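Commentary on secondary and tertiary structure
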Amino acid sequence: MVGISSASSIAYAAQAGIFGLSEANQQISISTARLASGNRHVRAGDDIASLSQAIRLQTEVTSLRQALQNTGQAGSLLQTAYDGLSTINDILTDLKGIAVQASSGSLTAADRAFLQVEFDELADEIDSIAGNTAFNDIALLNGSLSEESLITTPDEAATAARAQLTFAVNIGAGQTVVINGVTFTEGAQFAAGGSTNASLNNLAVAINTSTNANITRITATVDTNILTLTADAGGELGYVNLVNQGTSTAAFATAGDTTAVANLFAFSGGADDGLTDNSVRATGTSGDALVTAQNQTPAELQLILTGLPVNNETFSIDDSNGGLLALRFRDTPATSTDVQIGATAAETVQNIIDTIANYTGTARYTLDQLDFIRDGDTLLIRSKSPGNPLDLVAAAFNFTEAATNTSLSGATLNTGVNEGVNTSGVTNTDFLGTISGFTATYNSADNVTAQVTVGDYTYQATITDTTPAADTFARFSSTTAGGGYFDVELATGGLSVADQTDANTYASRLDAAFGGLTFRQNRIATSFSGSGDLIGARVEFLRGSFGNIDVESIGVTAPPSGGENANIEIVVEGETFRSATNLGDSISEFEIIEFTSATTSNTITLRNGDNEIDLSTEAVADAFEADLRD
């Protein structure tokens, strides 16, 4: 027993010795690591609290070192720019010397010619330095580093106008609902169901599958005995859709805008805050005789003022129901339809626009379809869409004037043309440039279903007669919500279709027709938020391509000494746009200013808010320029 106990003691002593040697070796390793690295902490267990503090300090030191490096690079960049500018400054000094030398009266024409050559070479050298001075491929002196004014535009449809029909009782046998003049009769176009909701669902299907052009511009949905009708294209022009409650025999209540006709309601709630009706414009020539010649011209009429009207004289606009809304010229306006006689003809024209903009009566059905634009002393009255707009009794708009120093270019707004391809109902951001890819499916003799996909939307039309006896419109509607619709006017004669091979030829000819057209879009600048006097104003761009639009410069100059007209110039991606030459010395409330390009058919439109903008002096012109930039 004693021997065993002694052996155990020896073993324990040996183990303790080994452990001590291991611990000593570990401490030596830690000390060696500390000496080698210069760090007090070589493992987390040394001191957790101080280690975390050390890591934080080390991170800050690393950040400071990187900031120091960045500062050094920035210094190098600035030095590079400085060297370039210094060289340009030296050249400018030489150019000034050459200019002074050339003014000497002792030089001959040949001497000056040689000086001109030297001058031009030095000027070219400035351009070369400005274009080639760079740091890490970053151009420093060509203007690309200046702050860009990037304009964004909408990529969704505008807020759509709509109307809601609320049915307290179910639709009875043979009862009717009249929408946009089209009658939907129970038992014919749709069937009554066992409940109000079931009947409305059947009615909604009939509306959504209708091929009537007056109906294919709206979409119907149902929710708890309410039928909601929504304009497909969106925007204020959606107000032209109508619910004929008075001529319907079914019982329902309508939520919409009242009109000049009792129980006839216009859609309401539309807003031009995205891609609106008439956002997409088609220009060019139809590439195939299958489609009529392209001519999409809005109707226009002019009220010309050669002086001031006299107190209590009138200018009258169609009231939407066969009558006239009289705007009365007054020295002191007393009602909402009075027009202040201004100090000048131009001011009076703008006061007409102000009165129209603030009008809230039932004649808005007419006014919402028109733009009113001041052109010097002339009021331009223009349809927002191609062709001739119609009032509630399906007649062209009428205008009269009974005032001194005024004249109308016509009594009826009927100069518009709607021929070829009308894309005023398209709300698809990809509908730009050229469109192709039509297909056609043979249904029966001279009957095909044609379609084309543009971006995320497919547009489809059933053409029931491919050999029309007269020019006939076919409506291509988006098969999913959001794309809107477009109309194609098929020319007389067309193409006989007897099988799928003929249908394929028909599609090819549609492609050819569209191949000669270019599609541009008019979009609101969503990133423009007017400041100062521009609060409430809106800017629109009509272009053939979109993305972020780089506005390179804006210049506003007051009328020159002895002149009457200010000037506004905007440069967008190398393209110069200028205001009209008869702008005057101010922009009045609700005035529309159009800027035209010097090289293309692109335009910019400024729709002013309810603040008058003074441009009469350089100081106020500079302030307005700053507001535009902001």
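Coordinates for the structure precede this section.
Residues numbered from 1 in each chain as written. Predicted model: local features only at pLDDT ≥ 70, side-chain atom pairs only at ≥ 80, totals over all residues. Heavy atoms only, no water.

So, the environment of Thr-166
Following the sequence through the fold, Thr-166 ends up in strand β4 (residues 162–166). Look at Thr-166 and you get partly exposed, because its relative accessible area is 38%. For the pair Thr-166 and Phe-252, spaced 86 residues apart in sequence, the C-alpha to C-alpha distance is 5.3 Å. Discounting residues that sit within four places of it in the chain, Thr-166 has contacts with Asn-225, Ile-226, Phe-252 and Ala-253. (Helix = DSSP H or I, 4+ residues; strand = E, 2+ residues; numbered from the N terminus. Buried < 20%, exposed > 50% of the residue type's maximum accessible area, 1.4 Å probe, protein only. Contact = heavy atoms within 4.5 Å.)

Here's the deal with unusual backbone geometry
Phi angles above zero are rare outside glycine, and Asn-278 is one such case at about 70°. Relative to the helices and strands, Asn-278 resides in the loop between β12 (264–266) and β13 (280–284). Positive phi outside glycine occurs at Ser-320, with the angle close to 85°. Examined against the element boundaries, Ser-320 turns out to sit in the loop between β15 (314–318) and β16 (324–330). Look at Ser-320 and you get buried, because its relative accessible area is 0%.

Some words on the sheet that holds strand β8 (residues 226–231)
Where strands meet in a sheet, backbone hydrogen bonds hold them as pairs that are either parallel or antiparallel. One open sheet holds the four strands; their spatial order is β7-β8-β4-β10, and the pairing between them is antiparallel. Strand pairing shows two members of the sheet lacking a second neighbour, β7 (218–222) and β10 (253–255), which therefore form its edges. Put simply, the sheet's adjacent strands are angled 20° from each other on average, direction ignored. In the sheet, β4 pairs with β8 via five bridges, with the strands oriented antiparallel. (Pairing = 2+ DSSP bridges. Axes fitted to C-alpha atoms, helices over the stretch in contact; angles between N-to-C directions.)

Quick word on the nonpolar core
Among the nonpolar cores identified, the biggest contains 32 residues, and Phe-431, Phe-476, Phe-486, Tyr-506 and Phe-519 are the most heavily contacted of them. Breaking this core down by element, the ones donating at least two residues are β13, β25 (447–454), β26 (457–463), β27 (472–478), β28 (485–490), α7 (500–515) and β29 (517–524). Sorting elements by how many residues they give to this core places α7 first, with six residues. Setting aside anything within four residues of it in sequence, one finds Phe-431 in contact with Val-280, Thr-423, Val-426, Val-454, Tyr-459, Phe-486, Phe-519 and Gln-521. Counting 28 residues, the second largest nonpolar core, distinct from the first, contains Ile-151, Val-539, Ile-613 and Ala-621. (Core = buried A, V, L, I, M, F, W, Y, C linked by side-chain atoms within 4.5 Å.)

Side note on the pattern of salt bridges
As enumerated under the stated definition, the model contains 13 salt bridges in all. Note that Lys-384 and Glu-236 form a salt bridge whose closest N and O atoms lie 3.6 Å from each other. Residue Lys-384 is found in strand β19 (residues 378–386), and its partner Glu-236 is found in the loop between β8 and β9 (242–244); the two are separated by 148 residues along the sequence. Asp-371 serves as the salt-bridge partner of Arg-607, at 3.2 Å between the closest nitrogen and oxygen. You can see Arg-607 sitting in strand β36 (residues 603–607) and its partner Asp-371 sitting in strand β18 (residues 370–375), a full 236 residues away along the chain. Residue Asp-371 is classed as buried on the basis of its relative accessible area, which comes to 14%. When salt bridges that share partners are traced, they join Asp-371, Arg-538, Glu-540 and Arg-607 into one network. (Salt bridge = Lys/Arg side-chain N within 4 Å of Asp/Glu carboxyl O.)

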